[in-house]
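Structural description and commentary
Here is what each chain is made of, one letter per residue.
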Amino acid sequence: MSKLAKDGGTPVRSKALPPNYPGAVVYGKEEADFTSEVIYAQSPFRYYGADMKGAVESLENAMTRDLNVPYALAVTSGTAALVVAMKALGIGYGDKVIVPANTFLATAGAVVCCNAVPVYCDVDDSLNLDPHDLERVYDEEVKAVIVVPILGNPVDMDPIVAFAKKNGIAVIEDMAQSCGVRYKGRYAGTIGDIGTFSFQMNKIITSGEGGAVVTHDLTLMERAIRYHDQGIVRHRARYGIDSPDEQFAFSGQNFRMNELSGAVMVEQWKKLPAIIGNMRKQHDRIAAALASEIPGIKFRACPDPDGTIGSNLGIIFPAAGAAAAFNQAINAENVQAHALYGGKPVYMNPALFQQRSAEKDNFPYNYPFKKPVVVTENMCPRAVDLIPRTTYIPISPILSDQDGADIIEAVVKVHKALHVVV
Ligand SMILES: *Cc1c(COP(=O)(O)O)cnc(C)c1O
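Everything numeric here is computed off the predicted structure, so don't read it as measured data.

**Here's the deal with the UniProt feature "modified residue: N6-(pyridoxal phosphate)lysine" (unreviewed entry) in the protein chain**
- What UniProt calls "modified residue: N6-(pyridoxal phosphate)lysine" (unreviewed entry) maps, in this numbering, to Lys-203.
- Position of Lys-203 among the secondary structure elements: in the loop between β8 (194-198) and β9 (211-215).

**Some remarks on the pattern of salt bridges**
- Here the structure, examined in full by the defined rule, presents 32 salt bridges.
- Note that Glu-31 is salt-bridged to Lys-271, the shortest N-O span being 2.9 Å. Taken as a pair, Glu-31 in helix α1 (residues 29-40) and Lys-271 in helix α10 (residues 259-293) lie far apart in primary sequence, 240 residues in all.

**A word on unusual backbone geometry**
- Put simply, Phe-363 and Pro-364 share a cis peptide bond, and its omega is 0°.
- A positive phi angle, near 55°, is found at Gln-42, a position not held by glycine.
- By secondary structure assignment, the location of Gln-42 is in the loop between α1 and α2 (55-67).
- Residues other than glycine seldom take positive phi values, yet Lys-184 does so here, at roughly 50°.
- If you trace the backbone, Lys-184 turns up in the loop between β6 (182-183) and β7 (186-187).

**As for the UniProt feature "active site" (unreviewed entry) in the protein chain**
- This chain's UniProt record puts "active site" (unreviewed entry) on Lys-203.
- Judged by its relative accessible area of 13%, Lys-203 falls in the buried class.
- Discounting chain neighbours no more than four positions away, the residues touching Lys-203 are Pro-22, Gly-23, Ala-176 and Ser-198.

**Details of the pairing of strand β3 (residues 117-121)**
- When you tally the buried positions in β3, you get five out of five residues, the bulk of the element.
- Alternating residues of β3 divide into Val-117, Val-119 and Cys-121 and Pro-118 and Tyr-120, and every residue in both groups is buried.
- Looking at chain direction, strand β2 (residues 96-100) and β3 are connected through five bridges and run parallel. Within β3, the residue paired with Ile-98 across the bridge is Val-119.
- Note that the unit made of β2, helix α4 (residues 105-113) and β3 has a crossover that is right-handed.

**Considerations on the packing of aromatic side chains**
- Evaluation of the coordinates by the stated rule reveals 10 aromatic pairs.
- Their ring planes at 85° and their centres at 5.1 Å tell us that Tyr-93 and Tyr-367 sit as a pair that is edge-to-face. Placement of Tyr-93 in the loop between α3 (78-88) and β2 and of Tyr-367 in the loop between α12 (350-353) and α13 (381-386) is noted, with a sequence separation of 274 residues between them.
- Under the relative-accessibility criterion, Tyr-367 is labelled partly exposed at 29%.

**Some thoughts on the side chain of Ser-396**
- Examined against the element boundaries, Ser-396 turns out to sit in the loop between β11 (390-394) and α14 (401-418).
- Accessibility expressed as a relative area gives 8% for Ser-396, which makes it buried.
- Setting aside chain neighbours within four positions, we find Ser-396 in contact with Pro-18, Val-25 and Met-279.

**Points about the packing of α3 against α4**
- Closest axis-to-axis distance for the α3/α4 pair is 9 Å, and the angle between their directions is 45°. Comparing their axes, α4 and α3 come out oblique. As α3 packs across α4, the resulting crossing turns out to be right-handed. Contacts between α3 and α4 involve Thr-79, Leu-82, Val-83 and Met-86 on the former and, on the latter, Ala-106, Thr-107, Ala-110, Val-111 and Cys-113.

**Some details on the site of the ligand**
- Taken together, 15 residues form the shell around the ligand, and within it Gly-78, Thr-79, Asp-174, Ser-198 and Lys-203 come nearest.
- Residue Lys-203 places a side-chain N or O atom 2.7 Å away from an oxygen atom belonging to the ligand.
- In the complex, the protein chains occlude 92% of the 380 Å² of accessible area that the ligand would expose alone.
- Where the shell around the ligand is concerned, the elements lending two or more residues are α3 and α4.
- Split by residue class, the shell around the ligand holds four nonpolar, nine polar and two charged.

**Concerning the confidence of the model for the protein chain**
- With 99% of its residues at a pLDDT of 70 or more, the protein chain shows a mean pLDDT of 97.
- Averaged over each element, pLDDT in the protein chain is lowest for helix α9 (residues 245-248) (90) and highest for strand β5 (residues 170-174) (99).

**Description of the sheet that holds β9**
- Spatial strand order, β1-β9-β8-β5-β4-β2-β3: seven strands in an open sheet with mixed pairing. Only two strands of the sheet have a single partner each, and these edge strands are β1 (71-75) and β3. Along the sheet, successive strands turn relative to each other by an average axial angle of 25°, direction set aside.
- Strand direction decides the pairing type here: β1 and β9, joined by five bridges, are antiparallel. Note that in β9 the partner of Ala-74 across the bridge is Ala-212.
- α2 contacts β1, β8 and β9 of the sheet and is inclined by roughly 140° relative to β1.
- Relative to β8, α3 is tilted by about 165°, and along the sheet it contacts β1, β2, β4 (142-147), β5, β8 and β9.

The rules behind these values
Residues numbered from 1 in each chain as written. Predicted model: local features only at pLDDT ≥ 70, side-chain atom pairs only at ≥ 80, totals over all residues. Heavy atoms only, no water. UniProt positions renumbered as here; feature names shortened; annotations may be inferred. Helix = DSSP H or I, 4+ residues; strand = E, 2+ residues; numbered from the N terminus. Salt bridge = Lys/Arg side-chain N within 4 Å of Asp/Glu carboxyl O. Buried < 20%, exposed > 50% of the residue type's maximum accessible area, 1.4 Å probe, protein only. Contact = heavy atoms within 4.5 Å. Pairing = 2+ DSSP bridges. Right-handed = clockwise from strand over helix to strand, strands pointing away. Phe/Tyr/Trp six-rings, centres within 6.5 Å; stacked < 30°, edge-to-face > 60°. Axes fitted to C-alpha atoms, helices over the stretch in contact; angles between N-to-C directions. Parallel < 35°, antiparallel > 145°, perpendicular 65-115°, else oblique. Left-handed = near helix turned anticlockwise from the far one by under 90°. Near = heavy atom within 4 Å. Polar contact = N/O pair within 3.5 Å; in protein donor to acceptor, adjacent residues only side chain to side chain. Areas by Shrake-Rupley, 256 points an atom, 1.4 Å probe, with all protein chains shown as cover. Nonpolar A, V, L, I, M, F, W, Y, C, P; charged D, E, K, R; others polar. pLDDT = per-residue confidence, 0-100.

Structure representation (structure tokens):
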């Protein structure tokens, strides 16, 4: 058996794999040319300019066409998209929003920024929200549930949508990490009431920063447009919106996407099928090889394997210590693997755990809820258990077959040396 690199052996790879920025690593002439065009046209703003190129609008049109949804609105970030989505739904002070215990800080933070309070739902072996835990966290003060397909794996939407319908609450899909994921043949993000996307650099496609919301509902779209642009609607004819500002305007934000980001995103959007195709190809090859070489290896569960985009391979270890040892050893082989979020549920973040906001009197946490929101360390026991023992191996869209073979070799080598997987 070969000696582990962490113990002085030769690493499986002499060089690191490509960095985990799936969209940015395929940047090229296309993004450069369209952004140059916007620059030479001296028209970086989406709503007026000397020689407008309509980049942001083209992105929105490409999203509606390809996701098969009538409305898309580009915004400045995934966090902005979440805020716009909740404002469109009228969520605010006195409301609770269900958030999965396994997600990035922004999902819960956006709820607080909308003056509502997050309540946390447990996860299952998919590491996504467990529909069976919804009943436990639901009460009449809950107005919405945000589902988050973590790292490219779909969420089991049918039972969640059914639960939301039964209780009259909204479903928001936070697609930040999973642009292009499908569930039972439909694009995730278009299944609930509103879907939100992030185009930050760690996400599937990127303009460095950026985001979008999509919806089937024109009323929600109008409110989203208004909230993202100072309460007004500029392109009324485009959406068939004729509600007068005198009656319908409200105070909003500026979350408008600029044309340079739009130009990059138009080209990134065109590359999305190829990005997903390459990730899926390596992901499926690696998973199949590991399943045959490591009997009993446990992958993260997936409610619809056809719908995954393959951006990460999730392996669940029997214990947190085994996962940590695996991660350390395989990183020394020059193959990246990591647990998410410091191995902890999102609510263990100090601001969320201590329920602190930037506002006076700890608004909105100070709302006199009929059923107070209490955060305790073990409130979501499966998240506490599963998050630190799940390891993710990023699958870059530019992996070669040799890179894929190296990942397989490194996982098998570390597994054999540590006896950790089964
Ligand atoms: C990254 C991320 C966000 C926030 O997106 P930004 O564009 O960075 O604001 C929201 N939710 C999830 C699940 C994320 O991973």
